[in-house]
Structures are given as structure tokens and as C-alpha cells.
Amino acid sequence: MTDIATRTVGGRIVPEQGSYAIDVSHSAVEFVVRHLGLAKVRGRFARLEGTIDVAEAVTDSSVAVTIEADSIDTGEADRDAHLRSGDFLDVESHPTLAFRSTGVREDGDRWLVDGDLTITGTTKPVTLEVDVEGGARDPWGFERVGFNAETKINREDFGLTWNQALETGGWLVGKEVKIELTIQAVKQG
């Protein structure tokens with residue numbers, strides 16, 4: 001970790017004050033959900049955009065991200081088509097997912113970013129657990145920062161209620177979805 005694009009606040013590495021644009025080619029929004037109660041199925045969204053505005057007082061910072069719903073990819077075309085359908089994301093009626101922060105707070109060695117997550121037109125509060133990975137200058141002179149974040153949601157809270165009962169008990173698709181973000185952002189200006 002270097003001190004490029006970062007500073008230390010209260011013994012923690014944080015980004016320098018400023019506005020950062022998410023670098024989509026070096027970022028990922030991924031999710032994990034149980035299938036048949038046995039395996040963890042992973043997927044990702046390939047297209048997103050967003051900004052991270054870091055304030056002098058880190059707790060005054062904000063995040064705004066928009067994800068294109070039809071960019072969902074689990075590596076299985078039929079499953080992806082089903083996830084895009086009205087049974088799940090209904091991408092024709094709801095082309096984007098969005099996250100808008102409502103607050104930033106400290107929690108031990110990490111930061112918590114509270115915000116509103118919107119999926120299929122339903123908005124619910126979530127909390128992202130965020131680790132700042134550090135900063136670097138790329139070969140073209142741009143300052144970059146890295147973050148990892150995660151949260152868990154109940155997909156049914158967002159109207160994603162399709163499921164199929166199993167003969168042996170249980171359900172085809174788990175309710176809990178773990179969301180994992182790996183974000184690299186470029187300082188603007």
C-alpha cells in the first residue's frame with residue numbers, strides 16, 4: 001500500500017478528499033446465492049457506473065452507483081435469461097439497480113456505508129462493510145483507490161419471490177444473497 005491518493009485518519013487508511021469515478025474495467029459487482037441448499041451459485045453484473053465523493057470528514061462522504069440489470073452473468077445462458085425475466089429482475093420494466101449512500105460511519109478497522117438499494121423498483125436500506133485497500137498512481141499519472149465491500153440481503157424483500165419447492169423439502173433458490181464488490185476508482189480533476 002502506498003500513500004498515493006490516500007491519507008490516514010484515526011489510524012485508518014482512507015482516500016484523499018475528492019471525487020472518484022468507478023473504473024468499470026477494474027471493478028466487479030458479484031453475488032452469491034444457494035442453489036438446492038447445496039451449492040453456491042455466483043454471478044456478476046458487467047455494466048455499472050458510479051461516483052465516490054470523499055469528504056474531508058470521511059463520515060460526510062457519499063456513494064452513488066447504477067448497475068444495468070441486463071448485464072447479469074452467471075455463466076449459464078438459460079439461467080441468465082430467467083434472471084432477466086419477470087420472475088426475477090424484470091429488466092424490461094426495471095433496467096437498472098441503484099445504490100445511494102445515506103451515511104458513512106466507523107466500525108473497528110472498516111467503514112460502514114449505509115444506503116438505499118433499489119432492485120425492481122423496490123428500495124430498502126442496506127449496510128455495506130467496506131475495506132479501503134489503498135491507493136496507487138497508474139502509468140498514465142491517474143490516482144486510483146481500491147475498495148472491497150460486502151453485504152447480505154433477503155431477495156424477497158425486493159420482490160424477487162419466484163421459487164420452486166423441492167420434493168425433499170426446501171427450495172430451489174435460497175433467499176439470502178451475498179453481494180460482494182471489488183471497486184477501483186479514479187480520482188477526478
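What comes next is a walk through the structure.

By size, the foremost hydrophobic cluster in this structure holds 46 residues, and its most contacted members are F45, I52, L89, L117, I119 and I153. Of all the elements, strand β13 (residues 173–187) adds the most residues to this core, at 6 residues. With residues near it in sequence (within four places) discarded, I119 still touches L89, L97, I153, F158 and L160.

Tallying each qualifying case throughout the model produces 2 aromatic pairs. With a centroid separation of 5.8 Å and an interplanar angle of 50°, the aromatic rings of F31 and F45 are classed as tilted. Taken as a pair, F31 in strand β4 (residues 28–35) and F45 in strand β5 (residues 39–45) lie far apart in primary sequence, 14 residues in all. Neither F31 nor F45 differs from the other in exposure class; each is buried.

Positionally, A149 belongs in strand β12 (residues 143–154). The class of A149 is buried, set by a relative accessible area of 12%. With near-sequence residues (within four places) excluded, A149 lies in contact with L128, E129, V130, I179, E180 and L181.

Here we take up the layout of surface pockets. One way to see where empty space is left: roll a probe the size of a water molecule over the atoms. Approximately 190 Å³ is the volume attributed to the second largest pocket. In terms of lining, the second largest pocket is formed by V32, V33, R34, K40, R42, K152, G174, E176, V177, K178 and E180. Those elements that place two or more of their residues in the lining of the second largest pocket are β4, β5 and β13. Counting residues per element, the lining of the second largest pocket draws most heavily on β13, which supplies 5 residues.

A few words on unusual backbone geometry. Residues other than glycine seldom take positive phi values, yet A5 does so here, at roughly 65°. Along the chain, A5 turns up in the segment before β1 (6–9). Judged by relative accessible area, which is 1%, A5 ranks as buried.

It is worth spelling out the pairing of strand β6 (residues 48–54) at this point. Only one face of β6 is buried: it carries L48, G50, I52 and V54, and the other face, with E49, T51 and D53, is open. Pairing between strand β3 (residues 18–22) and β6: 4 bridges, direction antiparallel. Residue pairing for β6: G18 is matched across the bridge by V54. Two elements, β6 and strand β7 (residues 62–68), share 6 bridges in a ladder whose sense is antiparallel. By the bridge assignment for β7, I52 is matched with V63.

Reading the values: the criteria
Residues numbered from 1 in each chain as written. Predicted model: local features only at pLDDT ≥ 70, side-chain atom pairs only at ≥ 80, totals over all residues. Heavy atoms only, no water. Core = buried A, V, L, I, M, F, W, Y, C linked by side-chain atoms within 4.5 Å. Buried < 20%, exposed > 50% of the residue type's maximum accessible area, 1.4 Å probe, protein only. Helix = DSSP H or I, 4+ residues; strand = E, 2+ residues; numbered from the N terminus. Contact = heavy atoms within 4.5 Å. Phe/Tyr/Trp six-rings, centres within 6.5 Å; stacked < 30°, edge-to-face > 60°. 1 Å grid on protein atoms, 1.4 Å probe; cavity = no way out; pocket = protein on both sides within 12 Å on 5 of 7 lines; lining within 4 Å. Points joined across faces, edges and corners; volume = space filled by probe spheres on them. Pairing = 2+ DSSP bridges.

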